[in-house]
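Each chain, letter by letter, is given below.
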Amino acid sequence: MNDTSLKNDGRTGFSRRRFITGTGSLLGAAALAGPIPSAWATPRTAAAPIASGSRVPALVIGTGYGGCVAALRLAQAGTDVHMVEMGMAWDTPGPDGKIFANTTRPDDRSFWLRTRTKQPLSNFLGFPLDRNVNRYTGILDAEEFGGITVYQGRGVGGGSLVNGGMAVTPRRENFGAILPTVDAEEMYSTYYPRANSGLGVTTIDPAWFEEADCYQYARVGRKHAQRAGFPFLFVPAVYDWDYMKREAAGTVPRSALDGEILYGNNHGKKSLQKTYIDRIRATGRVTISPLHKVTTVTPAPGGGYTVLIDQLDTTGRTTATKAVTADKVFFAAGSVGTSKLLVGLKATGALPLLNDEVGRGWGDNGNVMCGRANHLWDPTGKLQASIPTGGIDNWDAGGAFAEVAPLPTGIETWASFYLSITKNPHRARFTWNAAAGRAELDWQTAWKQPSIDAAKTIFDRINRKEGTIYRSDLFGVHKIWGDHLTYHPLGGAVLDKATDNYGRLHGHPGLYVIDGALIPGNTSVNPFVTITALAERNIERIIATDL
């Protein structure tokens, strides 16, 4: 079962020679190309950034799910808000006429301040896929810690720009293990529905799913799951399904059907830019400063907080440092960004009254990936929609939920690909390295083994039933499991521990956490709907009591 899928083992009829014949265009475009000259050397938007010396009633650090909920609801309640975002605005096309780069053709826009890409799938058919690029404030940050790479979105809209769009509400019976101090009744009756509505969550038309060429890969995944005795669940998403139908008909530019996902989606995906941020801008009370990075937050002598902010250019260079005063500050820089910032602020004495729970309880949502090599009579399709639509639920019996994910290479691969979310018990901690002047994470690579074991409860059984094997050419040489990464960082400022039960940081009134840092490491499914719903709950209470 652990034999390499690049060998013809007599069961699959699968051979390296057969695949190499068909992959010249893919490898020539992605793996073997050198860096392309930078066409994005200067900022592409003319924003009016926050001015040094400003005083604002509410400052939101970050523009992801939690930050957008906070900004919208504060503005609707009559509070003026300023949002600062480390990444770019992503609202202006580049020289190719597109805002975002294609998944199979990464360029400078693809990665945050790297000179070489670090793609989650690093290999294909034995060939490395990463390539040299020019240093640029690109959309995907592959942030490396000891033992794990954390993928995060960089730009106005945060993780919504780069995720797969699977908008999953956890099963209610699992909620007590996700957020034990939160009332499940109010979440499922009020805040999950509010989040799903605000995000524009919908489910694919089942009849169209059955006939669409672009979801052949998902139908194969469903067939294999069901034949092995697992339920296949249609999963809601934040994509305009009518637009995808027009993509398939050839009447609009392709987006999901051109494999766009990892480095942004140019048309049909309902990222935060098209949902919460549109409504934020309509209030007239919120301004947003892209390419601004918060470095310090300290109590201000006259009340509120002094916030130091570096303004960046597209090479990551600091072009100005600004000091502003905020009456209230909302930390929404994502699990990693918020945790690193708070740990540093406590350790350096900027916010000395933060408690010792800051930095603790961080988890990877049990993420692990794998691929399977199918028989030749089970092709998964050359054309694959980049938006997943289904998952395999073995959470109760095996501790794993697996999305049937696309592998949009543009060629037939006979491969099924999966991202699993698992019951991994391990939690890491951010600490401050004073000598290096940075926050560090103590995650250990070996901690991924429970995730692999849980995922195997699904895929070992499917392989036995189908007589198939794992792919071993996607994450390195003869490496089956993508156990080196997470797309779903959670925790680091856990609700009711580092904060009170509504995200107020202990010790410093007027400071709040309102993002995935509040969730202790796991949501049992893709987390962004839960992050959004929790933010809706918390900000409602904060507005009612603190303003």
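The preceding data block contains the structure.
First, a word on what this report is: a plain description of the structure on this page. (Residues numbered from 1 in each chain as written. Predicted model: local features only at pLDDT ≥ 70, side-chain atom pairs only at ≥ 80, totals over all residues. Heavy atoms only, no water.)

Looking at the overall build of the chain
Basically, it comes down to this: In this description a helix means any DSSP run of H or I spanning at least four residues, a strand means any run of E spanning at least two, and both kinds are numbered starting from the N terminus. Using a 1.4 Å probe on the protein chains alone, a residue whose accessible area is under 20% of its type maximum counts as buried, one over 50% counts as exposed, and one in between counts as partly exposed. Between two residues, a contact is recorded if the distance between any of their heavy atoms is within 4.5 Å. The accessible surface values rely on the Shrake-Rupley method and a 1.4 Å probe; as for residues, cover is taken only from the protein chains in view. Working convention for charge: Lys and Arg count positive, Asp and Glu count negative, and His plus the chain ends are omitted. Think of each charge as sitting on NZ of Lys, CZ of Arg, CG of Asp or CD of Glu.
When you go through the chain residue by residue, the secondary structure sums to 13 helices and 20 strands. Taking the principal axes of the C-alpha coordinates as reference, the chain spans close to 75 × 50 × 50 Å. Split into buried and exposed, the 547 residues of the chain put 61% on the buried side. Sequence separation of at least 24 residues holds for 73% of the intrachain contacts in the chain that already meet a minimum separation of 6. Surface summary for the chain: the accessible area is close to 19100 Å², and the carbon and sulfur share equals 51%. Charge separation in the chain, taken as the distance between the mean sites of 57 positive and 50 negative side-chain charges, equals 3 Å.

Notes on the pattern of salt bridges
Inclusion rule: Throughout this description, the term salt bridge denotes a Lys or Arg side-chain nitrogen within 4 Å of a carboxyl oxygen of Asp or Glu.
Going through the model one piece at a time under the given rule, you end up with 31 salt bridges. As a salt-bridge pair, Glu-144 and Arg-114 come within 3.3 Å of each other at their nearest N and O atoms. Here Arg-114 lies in the loop between strand 2 (81-84) and strand 3 (123-124) and Glu-144 lies in strand 5 (residues 140-145), a separation of 30 residues in the sequence. Residue class for Arg-114 comes out buried when judged on its relative accessible area of 18%. With a shortest N-O distance of 2.7 Å, Asp-473 and Arg-471 are connected by a salt bridge. Here Asp-473 and Arg-471 have matching classes, each one buried. Where salt bridges share partners, they join Asp-141, Glu-143, Arg-154 and Lys-340 into one cluster.

Some details on the sheet that holds strand 18 (residues 469-470)
Going by this rule: Strands are treated as partners if at least two bridges between them are detected by DSSP. All axes are obtained by fitting lines to C-alpha atoms, using only the stretch in contact for helices, and the reported angles, taken between N-to-C directions, cover 0 to 180 degrees.
Ordered by their spatial adjacency, six strands build an open sheet running 7-13-14-15-12-18, and the pairing between neighbours is antiparallel. Whereas interior strands pair on both sides, the edge strands pair on one side only; in this sheet they are strand 7 (232-234) and strand 18. Pairing analysis gives three bridges linking strand 7 to strand 13 (residues 390-394), with the strands arranged antiparallel. Along strand 13, the bridge assignment pairs Leu-233 with Gly-391. Strands strand 12 (368-373), strand 13, strand 14 (400-405), strand 15 (415-422) and strand 18 of the sheet are contacted by helix 12 (residues 449-466), whose axis makes an angle of about 10° with strand 12.

Digging into the pairing of strand 10 (residues 305-312)
Moving residue by residue along a regular strand, the side chains alternate between the two faces of the sheet. Direction of pairing for strand 9 (residues 292-299) relative to strand 10: antiparallel, over a ladder of seven bridges. By the bridge assignment for strand 10, Lys-293 is matched with Asp-310. What sits between the antiparallel neighbours strand 9 and strand 10 is a turn of five residues, in which Gly-303 has the positive phi angle 105°. Here strand 10 runs beside strand 11 (residues 318-331); their pairing, made up of eight bridges, is antiparallel. Paired with Asp-310 across the two strands is Thr-321, which belongs to strand 11.

Here's the deal with the side chain of Asn-424
Stated precisely, the cut-off is as follows: Any N or O atom pair separated by 3.5 Å or less is treated as a polar contact, with the protein-specific requirement of one donor-capable and one acceptor-capable atom, and with residues adjacent in sequence counted only for side-chain atom pairs.
In this structure, Asn-424 sits in the loop between strand 15 and strand 16 (430-433). Asn-424 gets classed as buried once you look at its relative accessible area, which sits at 2%. In terms of polar contacts, Asn-424 uses its side chain to reach the backbone carbonyl oxygen of Trp-447, at 2.8 Å. In terms of polar contacts, Asn-424 uses its side chain to reach the side chain of Ser-451, at 2.9 Å. Excluding anything up to four places from it in sequence, Asn-424 contacts Asp-364, Gly-366, Trp-443, Trp-447, Lys-448, Pro-450, Ser-451 and Asn-522.

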